[in-house]
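Notes for the structure review
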Amino acid sequence: MLNKQSTQHLILASAIKAIDKGGEAAVQIRKICAESKTTAPTVYYFFGSREGLIEAAQAARYFVGQNAMLTAFDDAVHRCKSKSEFASVVHDYLNQTFSQKRQHARSVRVNVLGSAQSRKSLAKTIAGYQLIANKVAGKTIRYAQEKRWARSDLNPEMFAALAIGIANAQTIIELDGAHPDREDWIEIATRSICLVLEIPEPKNAKTKSKVKRKPK
């Protein structure tokens, strides 16, 4: 991991900031050097080219915060003493994943995935990192399987890939701001993941569903 005060980190942080504000066109070596207090040869030394810097910044944008969330999830799961506690941890993790606070992160990920469609090297980098993330999350799910808290015939790495795919898919209803049926989408997504893991659904989701199905 890069030292947060290292020159390489400062250059990368400047590029990320530029893309967040004005897209890839805003990544201008002269401005990046001025903000990170370095020189063009140094940028090229670390990243090879402007394109290399953009790809590194996009990959970093895609995975920002993911490691911290996976580590917190793993720690919480390993503290569990029962299936009900495991289910509660999963519910809390999903609440955090689908929250409005994560809307910007979801939007960024989809933006980066769009960029990767025309950049084979970026796509390869993201695929490699995501494979690692899937293995990290999969290890946590495998632990739950060993404890008989989760369905045993589930491929844990592919479940992890499914979960991130569902989170990314939430952007479909967020393209034009907050959707009036956002809570319904979250309930469906949450219940789907619980069904796959074979764990109880959140009690509030069941209550909400019963209320909605009452005849008028």
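The sections below set out a description of the structure shown in this document. (Residues numbered from 1 in each chain as written. Predicted model: local features only at pLDDT ≥ 70, side-chain atom pairs only at ≥ 80, totals over all residues. Heavy atoms only, no water.)

**Examining the overall build of the protein**
Selection criterion: Only DSSP runs of H or I with at least four residues qualify as helices, and only runs of E with at least two residues qualify as strands; both kinds are numbered from the N terminus onward. We call two residues in contact when some of their heavy atoms are within 4.5 Å. Using the Shrake-Rupley algorithm and a 1.4 Å probe, accessible areas are obtained, with residue cover drawn only from the displayed protein chains. The sign given to each residue is positive for Lys and Arg and negative for Asp and Glu; His and the chain ends receive no count. In this description, the location of a charge corresponds to atom NZ of lysine, CZ of arginine, CG of aspartate or CD of glutamate.
Looking only at helices and strands, one finds 11 helices and zero strands in the protein. Ordered by position from N to C terminus, the α and β elements of the protein give α-α-α-α-α-α-α-α-α-α-α. Residue pairs in contact within the protein that sit at least 24 positions apart in sequence constitute 64% of those at least 6 positions apart. With an accessible surface of roughly 12,900 Å², the protein has 56% of that area assigned to carbon and sulfur atoms. Across the protein, the 34 positively charged side chains and the 20 negatively charged ones have centroids separated by 2 Å.

**Topic: the packing of helix H7 (residues 103–116) against helix H8 (residues 120–146)**
The test is simple: To define axes, lines are fitted to C-alpha atoms, for helices over the stretch in contact only, and angles between the resulting N-to-C directions are given on a 0 to 180 degree scale. In this scheme, roughly parallel covers angles under 35 degrees and roughly antiparallel covers those over 145, while 65 to 115 is roughly perpendicular and the rest are oblique. Ten residues, namely Ala, Val, Leu, Ile, Met, Phe, Trp, Tyr, Cys and Pro, are considered nonpolar, four, namely Asp, Glu, Lys and Arg, are considered charged, and the remaining ones, Gly among them, are considered polar.
At a minimum axis separation of 8 Å, H7 and H8 run at an interaxial angle of 135 degrees. Here H7 lies oblique to H8, going by the angle between them. Where H7 abuts H8, its residues Val 112, Ser 115 and Ala 116 lie against Lys 120, Leu 122, Ala 123 and Ile 126. The residue makeup of the contact of H7 with H8, split by class, is five nonpolar, one polar and one charged.

**A short note on the packing of aromatic side chains**
The criterion, for reference: Two aromatic rings, drawn from Phe, Tyr or Trp (for Trp, its six-membered ring), form a pair once their centres lie within 6.5 Å of each other, and the interplanar angle then sorts them: stacked below 30 degrees, edge-to-face above 60, tilted otherwise. Accessibility here uses a 1.4 Å probe with only protein chains present; expressed as a share of the type maximum, an area under 20% marks a residue as buried, one over 50% as exposed, and anything in between as partly exposed.
Applying the stated criterion to the full structure yields eight aromatic pairs. The interplanar angle of 40 degrees and the centroid separation of 4.7 Å between the aromatic rings of Phe 73 and Tyr 93 together place this pair among those described as tilted. One end of the pair, Phe 73, is in helix H5 (residues 66–78); the other, Tyr 93, is in helix H6 (residues 83–97), with 20 residues separating them in the sequence. Overall, Phe 73 belongs to the buried group, its relative accessible area being 10%. The structure contains a cluster of three or more aromatic residues connected by ring pairs, namely Tyr 45, Phe 46 and Phe 47.

**What about a nonpolar patch on the surface?**
Applicable threshold: Here the term patch refers to residues with relative accessible area over 30% and no salt bridge, with like charges joined within 9 Å and nonpolar side chains (Val, Leu, Ile, Met, Phe, Trp, Tyr) within 5 Å. Note on definitions: salt bridges are taken to be side-chain nitrogens of Lys or Arg within 4 Å of carboxyl oxygens of Asp or Glu.
Taken together, the side chains of Tyr 129, Ile 132 and Val 136 define a hydrophobic patch exposed on the protein surface, amounting to about 290 Å² of accessible area. Within the secondary structure layout, Ile 132 lies in helix H8.

**A word on the environment of Arg 191**
Tracing the chain through its elements places Arg 191 in helix H10 (residues 182–197). On the accessibility criterion, Arg 191 (24% relative accessible area) is partly exposed. Sequence spacing of Arg 191 and Leu 70 is 121 residues, and the spatial spacing of their C-alpha atoms is 20 Å.

**Some points on the packing of helix H1 (residues 7–22) against helix H4 (residues 50–63)**
Following both chains from N to C, one finds H1 and H4 inclined at 80 degrees, their axes separated by 9 Å at the closest point. Here H1 is positioned roughly perpendicular relative to H4, judged by the angle of their axes. The segment H1 lies against H4, with Ile 11, Leu 12, Ala 15, Ile 16, Ile 19 and Asp 20 engaging Leu 53, Ile 54, Ala 56, Ala 57, Gln 58, Ala 60 and Arg 61. Looking at the contact of H1 with H4 residue by residue, the class counts come to 10 nonpolar, one polar and two charged.

**Quick word on the nonpolar core**
Side chains of nonpolar character tend, in soluble globular proteins, to be buried together. Rules: By convention a nonpolar core is built from buried Ala, Val, Leu, Ile, Met, Phe, Trp, Tyr and Cys residues, the set being connected through side-chain atoms within 4.5 Å.
With 25 residues, the main nonpolar core has Phe 86, Val 90, Phe 98, Ile 193, Leu 197 and Ile 199 as its most contacted residues. When residues no more than four places from it in sequence are discounted, the contact partners of Phe 86 are Val 77, Cys 80, Ala 144, Trp 149, Ala 150 and Ile 199. Formed by 14 residues, the second largest nonpolar core is a distinct cluster that contains Val 27, Val 43, Phe 47 and Ile 54.

**Here we look at the environment of Val 90**
Among the secondary structure elements, Val 90 is positioned in helix H6. With 112 residues separating them along the chain, Val 90 and Pro 202 place their C-alpha atoms 9.5 Å apart. With residues near it in sequence (within four places) discarded, Val 90 still touches Phe 73, Leu 197 and Ile 199.

**Some thoughts on the state of the cysteines**
Note the cut-off: Criterion for a disulfide: a pair of cysteine sulfur atoms at a distance within 2.5 Å.
Enumeration according to the criterion identifies zero disulfides in this entry. This cysteine, Cys 80, is not joined by any disulfide, and Cys 194 carries the nearest cysteine sulfur, 14 Å off. Under the relative-accessibility criterion, Cys 80 is labelled buried at 6%.

**Describing the pattern of salt bridges**
Under the counting rule described, the total for this entry stands at 12 salt bridges. The salt bridge involving Lys 17 is made with Glu 35; its shortest N-O contact spans 3.6 Å. Of this pair, Lys 17 sits in helix H1 while Glu 35 sits in helix H2 (residues 29–36), placing them 18 residues apart in sequence. The partly exposed category is assigned to Lys 17, whose relative accessible area is 39%. Under the relative-accessibility criterion, Glu 35 is labelled partly exposed at 43%. Taking the shortest distance from any N to any O, the salt bridge between Glu 198 and Arg 151 comes out at 3.8 Å. With Glu 198 in the loop between H10 and helix H11 (203–212) and Arg 151 in the loop between H8 and helix H9 (156–169), this residue pair connects regions lying 47 residues apart in the sequence. Glu 198 gets classed as partly exposed once you look at its relative accessible area, which sits at 44%. Overall, Arg 151 belongs to the partly exposed group, its relative accessible area being 33%. What you see here is one network of salt bridges that share partners, running through Glu 24, Glu 51, Glu 55 and Arg 119.

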